[in-house]
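In case you want the letters, here they are:
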Amino acid sequence: MPLAVEGLAKTYSDGTRALRGVDLRLDRGLFGLLGPNGAGKTTLLSMLVLAQEPTAGRRLYEGRDAAVLAHRPQIRRMIGYLPQDFTPIRQLTGLEYLLHCARLREVGLTRRALQSRAWELLAVVGLEGDARRRSGTYSGGMARRLGLAQALIHAPRLVVVDEPTAGLDPEERFRFRNYIAEVAAGATVLLSTHIVEDVEATCSRLGVIAGGGLLFEGRPSELMSQALGRLWLLPLGAAPPAGARRAGRRVSSGGEVREIVEWTGSREGEDSGSGDYRSQQSQQSQQALQALHVQQGFAAAEELREFSLEEAYSAFLARHEAPSGGEAQACG
Amino acid sequence: MRLTLALIVHEWRLQWRSWRFRLLAAVYLLAVTAPAAVVYFTRDKTFEVCGGATYAASVLALQPALTVCLALVLAADAMAREVQEGSWPVLSLAPASNSGLLLRRWLAVSSVVAPLTALPLAAAAALAAAAGELPVGFGPFLWPWVLQVLPLALAATAFGLGAGTIGRSLVAAAAATAVLAGLADTLAGKLLAATSRALAGPADWLGVAPLRALWTDAYLALSWQIPWQRMLEAAPEAPYPVGAAVDQLLPRCVLFLGLAAAVLGCAVAFLRRSRRDLAPWAPRPNHPLQTFLRLANRWREEFSPDAGLARLDRLVIAAGLAALAAAGAYLAVRDGHYRALGAERYAVETVGGPPPTPREVVATRCRLLGELAAGGSVRLTVETTLRNRGAAAQAQLAFSLNPGLRVTELAADRGRATPSRRWDRLAVRLEPPLPAGAERHLRFALSGAPRTEELELPGAGSASFALRWGALRGARFAHDLTDLSRSWTRLAISPARVDLAAADLVPVPRYAAWTLSPPPAGPEAPGREVPPESFFPQTAVEIDLRVPAGLWLADACGDVAGSSPAAPRLLGSCRLPLGELGIYGGDLEGQQPLESQEPLRPQEQQPQPAPGATPGFSFAVLPNHRSRGRFHLPSLTGVARLAGRVWPGIEPLRGVAVLEWPRPFALTYPRRRLWWERWSRAEAAAGVAAHGQVLLLDEQLLAGRRRLPPELVAAATVPLRLQSRRVMAPADQFVIGKIIASLVLRRVGAQTGSEAAAAGGAGEGAGGVAPPSSSAVLGGQSDEPFCVAVVAAPARGNAAGWQRRFDALMSDLVQRVGLERTVDAVEELLGGRSAAPPAPPRAGAAGAAGAASAVGASHPPEQAGSLRELFGLLERRSGQPLGWLYDDFWAGEAVPELGLKEVAARPAGAGGRGWRVTGLLLNRGTGAIRCPVVVTTVGSPVETLARTASRGTGSFTVSTAFRPLAVALDPEQRCFRYQRMTRDLAQRVELHAP
């Protein structure tokens, strides 16, 4: 197992509990980490790249415990990291920066081989034409692509990327997903983002972190199945039914805006289980819809059967974050 | 190594592309090199010929301070930049340990800073070579860079990198630097004061002191409009004394080095900023200090050390802290060492003793054998023959001996000789005692390194040791203490200078009591100083020493060694007072009198004379001053002819070894003397010293751009030769030398018509010789009281005032006594000529003549001469009383302060023609004086001389045919008197017709 985290907890010196015992096991491939702001994503990532010490828990990298000081150089050697606010050294060209990073990480290649690898990576991230320009003149997208290249220059076995597509235009985001997917073929990639679309497009597994805890870990379809039968479209401005939580809005092709609410009807609190969720939940949903119409008087209420991962994620968050019995919380 | 090289290349690339670096480097190079450029472009206008050492010294005036600034900024910025620009989180994933990464970064930044610091010195060397005035060696450029600039750059880089790593920003690093410097320099000093110790701090090593001096000079130059090049003094061209420099540099730099190591070491714990887990510390919401506590908590988190430090990191941190502790320990040990030495010397001086050698026991013969080593050590055998000329047997002898020399063996040809030693005092007990009229041979085996401890004590360096040490002991406040660890040891033998006095070579019999002179007023005053020797019997001295190859040495007999590198021996013999013995020299180069244009005489046109057979004089200069030596040689060779003409019988350079004498090295950041010292030096050929047959010429004289006028050298050397006939009392030695020099110049002037020489002064710019005083040769009639001079405040210690005062007094003396009679009196004082018949006594002078005869030629030859004795001889020859002159103005410091009083004018009698002006001359100061009073009238002015006693009044009367308009006192300011700026005494009175 490339990375295993057990009971990772962090309480800051001011008493803030950022993580409350996270267990996570990552295998080869791309793992998406979703979570709202302040959920603990950055805290978790900084602990995974050894920039911060946990209050409790273990971090195992291919079986090496990060608590053992002697392991740390090897652990650092196996990590590639693209931080959220990555900035290259602006006096260096893209190529020089890559080579500098490679030497810092003690890449055991000859000078020529290292040059070759740097050019290869620059080509992968589409910067070969700008490799001899000072990185201080790069656009935000180019800088992030260079950041990805530096994270990969030493062929790490664990790549941690934090909000890699923030600020990128759609085309660059698309290209970036492709790079990440390629990298994930040979390494463990932990992609932390709040853009669900990126995760949906690339990750075979994902985790949802909120309030310092890892609330979900599994395949995207599993997160989707949790939302089936719980999402309803209500007219905009209509008071939600008791126990419902706002989970976003949807605009129809005709321009009509309706509110998505997560509501379990009479079976509030039950899980939908797994498997062929559509067939399993269909009957129950019908009953709930009827109950909604009859009991709450929402004649226009409609069950949301076709939804995205983002809507499922929002509903998931709404369900886990809203204070029990309190007022519904809008998401999205 | 690959990582180290990669980081070095990275740092070079990064800095080279940084505009900030380019700007900083350009400013640094221009500012540091600028003084050398100024020297180069103004070299034709300087007093002295400037060699490489001067160019190097000019660079070093600014370089230390600016190097510190440059290194601190670059190093602090190197780390803070990556953190602030956001690239650090990625770079910190390097697998290297914190210490490995940080130390490599230090090397990388140093690799940029260090070569940069070498450039100004290289540029200065190039300028010096381009100027081509003197040969340029590597020493003056290389050693200061290696010993001072480079360590400074490395330490400042370490400090800056450490502070930048801990503080994470340039501002924070600067703040940390200020705090640490303040702590080290102030708080630690204050705390140490409780233990009567002081910590001077590294400010002068960091270049603050020379910067301050430069600022002062610049201010003076600008505000007084003095051309800069006239303030420049050529730096020593002697070989750089590496050992002495290290000895002085270490206590200055070690604290900063330790501090830099500690800061860099501690920074290892803060490199990655991998925040450790801290126990929550949340103040309660309603806590009155909630805001502050939160801030403190944030700082606690921000500045907590990295988590997970490797063992190597811990070792490096420990090493850094250990370096700081070692620096402190080194300073403490050094302080303790010199404190113990000082305390021992103080105890010896204050307790006094042992009893001096009785004057009946004299050393008739002294044979010095052994070896001098280049490293400063000596191994000597001294065979002394002591003779008891008294009537009683003597058992107790006392000798002076350098504390650095150990007496490893003492043997007597008869009986036993038991030594006992305290500091520089060696007591020897003879058993059996030395009978009357008998001789005893003592054989001393000595070894060690003759040395002088230069203790860092409070007060002026001219004050006695006992006084200064007493001030240190009695210090009550921190600012009265000095850092004794700054003290250093000056070895008598170094490549730059060999300065072996008699007590550095042989045990010198001590005849004066070792008791401090009477203490000045005040209960805490520990006494003044150990009195100098007062008895100087002649001793036949033989010298046979092996000396280090490559050194040119001369002994006090005038013998030289060094002309034959294959057999470096110093062989010599002569008779002289043993206290005058000495060996002097250094890395010098002998010059042939053959090259001179004005050779003395044929027998002196020989090649370098063989040791022990010196018909002429030997002359040696520093190798870099080879051309200067050739330039000045005609002056030296012309001296003999001139001196023989003006003072028959004197051959000032015959058998004399003349050598260029480098200034003693002291790490005061080579810098010229204060410019006013140059213009106001009291000595008439400053920088000429003599020890027996050795004449030491200050290197500044040799560096002088103008050729030394022979009369000035004669004026300097004749007194030295004459005084070798008889030793003068140390307190009067200088003034008597001045008198003889003045007489020489007056005789030259009388023979050549030179007014300046006749005035007894000398021209400005003649190799540091004092300028002529404007006192000129005014003088009243010879039977009138003192009436010469210049208006000045003749404060003690004010060389300019002293010089003017001396010129005035000397002119007056010569006017009264006559030039030739004065010369005769001097001759008689020195015992070189039989007493001339006294002049017929004038009225009222009979008593004085009688008194003078008591101190006439009947002085014992081994008794030191004195100024009072000279005045007695002058009284006898001039036939007039001069005691008052001596008491008031020569021994005393009388300064008249004059004004007019009760001035009135009235017609001269009833119906008579003309006017009569009367008044009083008031002397509020001291000393009898006669001063001109001028009455201006409608016709021509009328002058009279008014006379007044010390603190008294004298009347004057002037008769004139014209109506008087005003009365002025000394309008041309010819009287020696003090005029206050307030002019509260009337100097001019306007008269109104009655």
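With that settled, consider the overall build of chain B. Of regular secondary structure, chain B possesses 24 helices and 28 strands. Expressed as a percentage of the 994 residues in chain B, the buried residues total 49%. Long-range pairs, those at least 24 residues apart, make up 76% of the contacts in chain B with a sequence separation of at least 6.

Take the overall build of chain A next. When its secondary structure is counted, chain A shows 10 helices and 14 strands. Residues classed as buried in chain A amount to 46% of the 332 residues present. Taking contacts inside chain A between residues at least 6 apart in sequence as the whole, the part at least 24 apart equals 68%.

Residues and elements named next belong to chain B. Considering every residue of chain B, the mean pLDDT works out to 79; 82% of them sit at 70 or more. Mean pLDDT in chain B bottoms out at helix α22 (residues 846–853), which sits at 34, and peaks at strand β7 (residues 439–448), which reaches 96. This model gives residues 520–526 a pLDDT under 50, and the stretch forms 10 contacts once residues within four places in sequence are excluded. Note on residues 669–685: pLDDT under 50 across the span, and 47 contacts to partners over four residues away in sequence or across chains. Across the interfaces of the predicted complex, the ipTM metric reaches 0.80, alongside a pTM of 0.77.

A separate point is the environment of serine 447 of chain B. Tracing the backbone through its elements, the reader meets serine 447 of chain B in strand β7. Those residues in contact with serine 447 of chain B, other than ones at most four positions away along the chain, are Val378, Arg379, Arg406 and Thr408 of chain B.

With an omega of 0°, the peptide bond between glycine 353 of chain B and proline 354 of chain B qualifies as cis. Among the secondary structure elements, proline 354 of chain B is positioned in the loop between α12 (311–351) and β1 (361–372). The omega torsion across glutamate 431 of chain B and proline 432 of chain B is -5°, close enough to zero to call that bond cis. Tracing the chain through its elements places proline 432 of chain B in strand β6 (residues 425–434). Within the chain, alanine 155 of chain A stands out as a residue other than glycine whose phi angle is a positive 50°. Assignment of secondary structure puts alanine 155 of chain A in the loop between α5 (140–152) and β7 (158–162). Positive phi is not limited to glycine here, since aspartate 970 of chain B has a value of about 45°. Within the secondary structure layout, aspartate 970 of chain B lies in the loop between β27 (964–969) and β28 (988–990).

The subject of this paragraph is the sheet that holds strand β24 (residues 929–937) of chain B. All names here are of chain B. With respect to topology, four strands assemble into an open sheet ordered β25-β24-β27-β28, the strand pairing being antiparallel. In the strand order of this sheet, the two ends are held by β25 (942–948) and β28, each with one partner. Each neighbouring strand pair of the sheet contributes to a mean axis angle of 20°, computed without reference to strand direction. Pairing geometry for β27 and β28, over three bridges, is antiparallel. Its bridge partner lying in β28, valine 967 is registered against valine 989.

This part takes up the packing of helix α4 (residues 63–85) of chain B against helix α7 (residues 139–167) of chain B. All names here are of chain B. Here α4 crosses α7 at 35°, and the two axes come no closer than 7 Å. Pair α4 / α7 crosses with right-handed handedness. Here Gln63, Pro64, Thr67, Val68, Ala71, Leu72, Ala75, Ala76, Asp77, Ala78, Met79 and Ala80 of α4 lie close against α7, whose contacting residues are Gln148, Val149, Leu152, Ala153, Ala156, Thr157, Phe159, Gly160, Leu161, Ala163, Gly164 and Thr165. The class makeup of the residues in the contact of α4 with α7 is 16 nonpolar, seven polar and one charged.

Looking now at the interface of chain B and chain A. On the chain A side, the residues contacting the 30 residues of chain B number 33 residues. Among the elements of the structure, α1 (2–16), α5 (88–91) and α11 (290–302) of chain B are those that each provide at least two residues to the side of chain B that touches chain A. Among the residues forming the side of chain B that touches chain A, the class breakdown is 15 nonpolar, seven polar and eight charged.

Turning our eyes to something else, we now look at the sheet that holds strand β11 (residues 508–509) of chain B. Residues and elements named next belong to chain B. Spatially, β5-β6-β3-β11 is the arrangement adopted by the four strands of the open sheet, whose pairing is antiparallel. Both outer strands of the open sheet, β5 (416–422) and β11, are each paired with one neighbouring strand and no more. Examined bridge by bridge, strand β3 (residues 394–400) and β11 share two bridges and lie antiparallel to one another. Opposite serine 400, over in β11, you have valine 508 as the bridge partner.

Next up on the list: α4 of chain B. An α-helix turns once per 3.6 residues; consequently, residues spaced three or four apart project the same way. Residues and elements named next belong to chain B. Compared with the 33 Å implied by 1.5 Å per residue over 23 residues, the 31 Å span of α4 between its first and last C-alpha is a close match. Of all the bends found along α4, the most pronounced is centred on alanine 78 and spans about 30°. Counting buried positions over the 23 residues of α4 gives 18, a clear majority of the element. Where α4 ends, the next residue or the one after it, glycine 86, has phi of about 95°, a positive value.

Our next topic: the environment of phenylalanine 444 of chain B. Residue and element names in this part refer to chain B. Inspection of the secondary structure puts phenylalanine 444 in strand β7. Judged by local crowding, phenylalanine 444 falls into the buried class, with 24 C-beta atoms found within 10 Å. In the structure, phenylalanine 444 is positioned 62 residues away from valine 382 in sequence and 5.0 Å away in space, judged by C-alpha atoms. Ignoring anything within four residues of it in the chain, the contact list for phenylalanine 444 reads Val382, Val407, Leu410 and Pro507.

Attention shifts here to the pairing of β25 of chain B. Residue and element names in this part refer to chain B. Bridge count between β24 and β25: seven bridges; the pairing is antiparallel. Residue valine 934 lies in a different strand from β25, and its bridge partner there is glutamate 943. The turn joining β24 and β25, which pair antiparallel and follow one another in sequence, is formed by four residues.

Further remarks concern the packing of helix α14 (residues 626–646) of chain B against helix α17 (residues 710–723) of chain B. All names here are of chain B. Between α14 and α17, the least distance of the axes is 8 Å, while the angle of their chain directions is 70°. Taken as axis vectors, α14 and α17 run roughly perpendicular relative to one another. In terms of crossing hand, the pair formed by α14 and α17 is right-handed. Touching Ser635, Leu636, Gly638, Val639, Leu642, Ala643 and Val646 of α14 are Pro710, Glu711, Val713, Ala714, Thr717 and Val718, all from α17. Across the contact of α14 with α17, the residue classes tally to nine nonpolar, three polar and one charged.

Turning to the environment of glutamate 533 of chain B, a few remarks are in order. Residues and elements named next belong to chain B. Structurally, glutamate 533 is set in the loop between β11 and β12 (538–546). For glutamate 533, a count of 20 C-beta atoms within 10 Å gives the class buried. As for glutamate 533 and aspartate 887, which are separated by 354 residues in sequence, their C-alpha atoms are 25 Å apart. Those residues in contact with glutamate 533, other than ones at most four positions away along the chain, are Arg510, Tyr511, Ala512 and Gly579.

Attention now goes to the confidence of the model for chain A. Low-pLDDT stretches of the model should not have their predicted coordinates read in fine detail. Residues and elements named next belong to chain A. Per-residue confidence for chain A gives a mean pLDDT of 80; residues scoring 70 or more make up 82%. Note on residues 266–278: pLDDT under 50 across the span, and 20 contacts to partners over four residues away in sequence or across chains. Below a pLDDT of 50 lies the segment residues 323–332, which in the model reaches 20 contacts outside its immediate sequence neighbourhood of four places, other chains included.

So, on to helix α6 (residues 170–184) of chain A. Residue and element names in this part refer to chain A. Taking 1.5 Å per residue, 15 residues should reach 21 Å; α6 reaches 21 Å between its end C-alpha atoms and fits that length. All of the buried residues in α6 are Phe176, Arg177, Ile180, Val183 and Ala184. The buried residues of α6 occupy an angular sector of 125° when projected down its axis, which confines them to one face. Counted as exposed and oriented over 90 degrees from the buried face of α6: Glu171 and Glu182. For α6, the elements touching its buried residues are β3 (29–34), α5, β7, β8 (188–193) and α7 (196–202).

Conventions adopted
- Residues numbered from 1 in each chain as written.
- Chains lettered and ligands numbered in written order.
- Predicted model: local features only at pLDDT ≥ 70, side-chain atom pairs only at ≥ 80, totals over all residues.
- Helix = DSSP H or I, 4+ residues; strand = E, 2+ residues; numbered from the N terminus.
- Buried ≥ 20, exposed ≤ 12 C-beta atoms within 10 Å, placed from the backbone.
- Contact = placed C-beta atoms within 7 Å.
- pLDDT = per-residue confidence, 0-100.
- Pairing = 2+ DSSP bridges.
- Axes fitted to C-alpha atoms, helices over the stretch in contact; angles between N-to-C directions.
- Left-handed = near helix turned anticlockwise from the far one by under 90°.
- Nonpolar A, V, L, I, M, F, W, Y, C, P; charged D, E, K, R; others polar.
- Expected span 1.5 Å × (residues − 1).
- Bend = angle between axes of the 7 residues up to and from the residue.
- Parallel < 35°, antiparallel > 145°, perpendicular 65-115°, else oblique.
- Arc of directions from axis to C-beta.

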